[in-house]
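Descriptive structure summary
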Amino acid sequence: MDGLQGPQIEALQQLQSILGPHDTEFVVSVLESVSWDVQKATDLLFDNDAPKVIAPTQATPMEQLELDDNEDSSSTIRHSHRGQGNPRSSWSFLWSLITVPLHLVSGVLRFVFSVLRIPIPSLPFMTINSYHSHRPTSPDSRSITQRWVQQLEEETGACSSKRSMANAVTTGFEAGPSTTRRHTYPPAASDDNQKILPDFFDGSYEEVLDICQKEGRIACVVLVSAEHDDDADFKRSTLTDAAFVKILLDNDFIVWGGDIRDKAAWDASQKLQATTYPFVAFLALQPRRHGAPSGTAPVVTILSRHQGRAAATASVLIDHLNMQLLPRVTPFLVRFKTVLQDRDRDRRIREEQDRAFRETARRDREAIEMRVRQEKEEEERVRKQAEDAKRKQEDSARQKHQAEIRMEWRKFMRNRLLLPEARGLRLAVKLPGNGRVVRSFPPSATLTALYAFADSQLIPSTSRPEDDPSQAPEGAIDDIPQLDSYIQNRTAGHAWWGFTLASTYPRREFRWKANASLTETGLSDGEQIVMELVTGRGSVNGQISDDEYESESD
């Protein structure tokens, strides 16, 4: 309304005051079609010739359709001029006001008949409308079509062919006796008296054209107007005719319909140039004509249009389909579907080939990855083996070096630190390997002197005493106290010796302690002492480890 002038706004307000609440864009389009003449617009709206109203300029552009004119229009397209008389006079507005109570009665009767599932009779006052207008519609064309089909079922007492072939859904309580009325909805197809409607497609008109284009199916478009007297008779006789429904099902027609009071059906009527109702049109994919170059893609074509009750009877439509339309369009559609099937087969073959190629590539990739992983694992195993061998070699060299150092310590202690025998404590030391030595120690001797004596017994017999070193391998050590200090401060203490001394029975361990005298330790004259090597730490060859002790009895 922003672009309207003063007189145009005034005309719009006058017409809206007559019509009541209504779509502003539709009212503006009606006024534009009659040059903003309120009287002409009123006469046009109250006239039955509603399709003359020009659709809003904002409507969707018309699809590119061709009209198949191969047939004689007198035999295939029949026009009915019902409702195309002189315009009604201005008293039609008063008549519409008088018929308001009749509309209320018709509404009640429609409700009662729909509940009882009785076909609604065609009564004059039940088809009178005060004016033509678009009903309030939902933006979803699917719900609009479903609502129209539901109303069609209620008016005709029939059900959709698709739903009639499905299992009936029983309503009511099934367990135990009951007086509740039971019925099935939709009725079972086995009922001989059951009327069947075509399987109406619940999408939009544009989707119907798209299906025709892609699948090569024939479309049957049914448009009705509840304002026409023939509307109820057409629905009950033509749309429920068993032979007509069967031919639509057998030839896989896609059926779409609606009432032109709904915007979707109104737009379709404008695109199909419908002027009289009921209206039936058949559309299908056909090759272009009129000198179109070869190889041009086929286009959806209007094969025939049937307008008015006389041209839209079941017998006329069946004869037209069997004798003219199907023999003419079926060969091309069969070739088109064959091409589609070939393309679909080629597409499936390509998909199978691509899938097989991807599967082969996946297996090859997995094989390569497995081979690479195995090579890496082998390299890792070889590397670890090399590291283990190197570590063992280093450990062996280190242990050998430590054994050599310990042997040097033993020789040094034999040469410089062993106390001469003196009267005091006479001790017998049982050595590993069934050896046994006896030594007398002065009463002032320490535990270090005893350990040094026992340690010197591990020197191989091939080593001569005159070859013993006169200096310690580490540090400046000249006597037992200095050795105590060295062991206590720079080594692991008792573990440095690699063995322990213990009495035989009862067993008592005499662990090394710095500056501890033999008498303080509890040793007595004539004591039998066993030298127990630490497992892996010391042996007859002087190799040392830190695990556990090994007694001679083991």
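We now turn to the structure provided with this report. (Residues numbered from 1 in each chain as written. Predicted model: local features only at pLDDT ≥ 70, side-chain atom pairs only at ≥ 80, totals over all residues. Heavy atoms only, no water.)

Here we come to the overall build of the protein. When you go through the protein residue by residue, the secondary structure sums to 16 helices and 15 strands. For the protein, the residues scored as buried account for 40% of the 554 residues in total. Within the protein, contacts between residues separated by at least 24 positions form 71% of all contacts whose residues are at least 6 apart in sequence. Total accessible area on the protein stands at roughly 30,800 Å², and carbon and sulfur atoms take up 52% of it. (Helix = DSSP H or I, 4+ residues; strand = E, 2+ residues; numbered from the N terminus. Buried < 20%, exposed > 50% of the residue type's maximum accessible area, 1.4 Å probe, protein only. Contact = heavy atoms within 4.5 Å. Areas by Shrake-Rupley, 256 points an atom, 1.4 Å probe, with all protein chains shown as cover.)

Attention now goes to the environment of Arg289. With respect to the helices and strands, Arg289 occurs in the loop between β8 (279–286) and β9 (299–307). It is 9.8 Å that separates the C-alpha atoms of Arg289 and Val299, two residues lying ten residues apart in sequence.

Our focus in this paragraph is the packing of aromatic side chains. Counted according to the given criterion, the structure contains 13 aromatic pairs. Plain terms: the ring middles of Tyr205 and Trp256 are 5.7 Å apart, the flat faces sit at 55° to each other, and that makes the pair tilted. Of this pair, Tyr205 sits in helix α9 (residues 205–215) while Trp256 is found in strand β7 (residues 254–259), placing the two residues 51 residues apart along the sequence. Ring geometry for Trp409 and Phe412: centres 6.1 Å apart, planes at 80°, overall edge-to-face. With Trp409 and Phe412 both in helix α13 (residues 314–416) and three residues apart, this pair spans about one turn of that helix. Residue Phe412 is classed as buried on the basis of its relative accessible area of 0%. Of the aromatic side chains, those joined through ring pairs into one cluster are Trp409, Phe412, Tyr451, Tyr486, Trp496, Trp497 and Phe499. Arg406 extends its terminal NZ or CZ atom over the ring of Trp496, reaching a point 4.3 Å from the ring centre. (Phe/Tyr/Trp six-rings, centres within 6.5 Å; stacked < 30°, edge-to-face > 60°. Lys NZ or Arg CZ within 6 Å of the ring centre and 35° of its normal.)

Before going further, it helps to spend a moment on the nonpolar core. By size, the foremost hydrophobic cluster in this structure holds 55 residues, and its most contacted members are Cys220, Phe244, Phe253, Leu272, Phe282, Leu283 and Leu321. A total of ten residues in this core trace back to one element, the largest contributor, which is α13. Within the second largest apolar cluster, 35 residues are counted, among which are Leu425, Phe441, Phe453 and Leu458. (Core = buried A, V, L, I, M, F, W, Y, C linked by side-chain atoms within 4.5 Å.)

Within the structure shown, the criterion is met by 33 salt bridges. Between Glu155 and Lys235 there is a salt bridge, and its shortest N-O distance comes to 3.1 Å. Note that Glu155 is positioned in helix α7 (residues 141–156) and Lys235 in helix α10 (residues 231–237), a separation of 80 residues in sequence. Of the two residues, Glu155 and Lys235, both sit in the buried class. Note that Asp267 is salt-bridged to Lys263, the shortest N-O span being 2.9 Å. Here Asp267 and its partner Lys263 are both found in helix α12 (residues 263–271), four residues apart, which amounts to about one turn of the helix. Residue Asp267 is classed as buried on the basis of its relative accessible area of 14%. (Salt bridge = Lys/Arg side-chain N within 4 Å of Asp/Glu carboxyl O.)

With that settled, the discussion passes to the pairing of strand β10 (residues 425–430). Pairing between β10 and strand β11 (residues 436–441): six bridges, direction antiparallel. Among the inter-strand pairings, Ala428 is bridged to a residue of β11, identified as Val438. Between the antiparallel neighbours β10 and β11 lie five residues, among them Gly433 with a positive phi of about 85°. Across three bridges, β10 lies against strand β14 (residues 528–534) in parallel orientation. Within the sheet, the bridge partner assigned to Ala428 lies in β14 and is Gln528. (Pairing = 2+ DSSP bridges.)

We now examine helix α1 (residues 6–19). With 14 residues, α1 extends 20 Å from end C-alpha to end C-alpha; this agrees with the ideal 20 Å at 1.5 Å per step. Looking only at α1, the buried set comprises Ala11, Leu12, Leu15 and Leu19. Across the axial projection of α1, the buried residues extend over an arc of 100°, all falling on one side. (Expected span 1.5 Å × (residues − 1). Arc of directions from axis to C-beta.)

This part takes up α9. Of all the positions in α9, only Tyr205, Val208, Leu209, Ile211 and Cys212 are classed as buried. Seen from one end, α9 has its buried residues packed into an arc of 155°, which puts them on one side. Looking at the packing, one finds that the buried side of α9 touches β6 (219–224), β7, α12, β8 and β9. Gly216 occupies a position one or two residues after α9 and carries a positive phi of about 70°.

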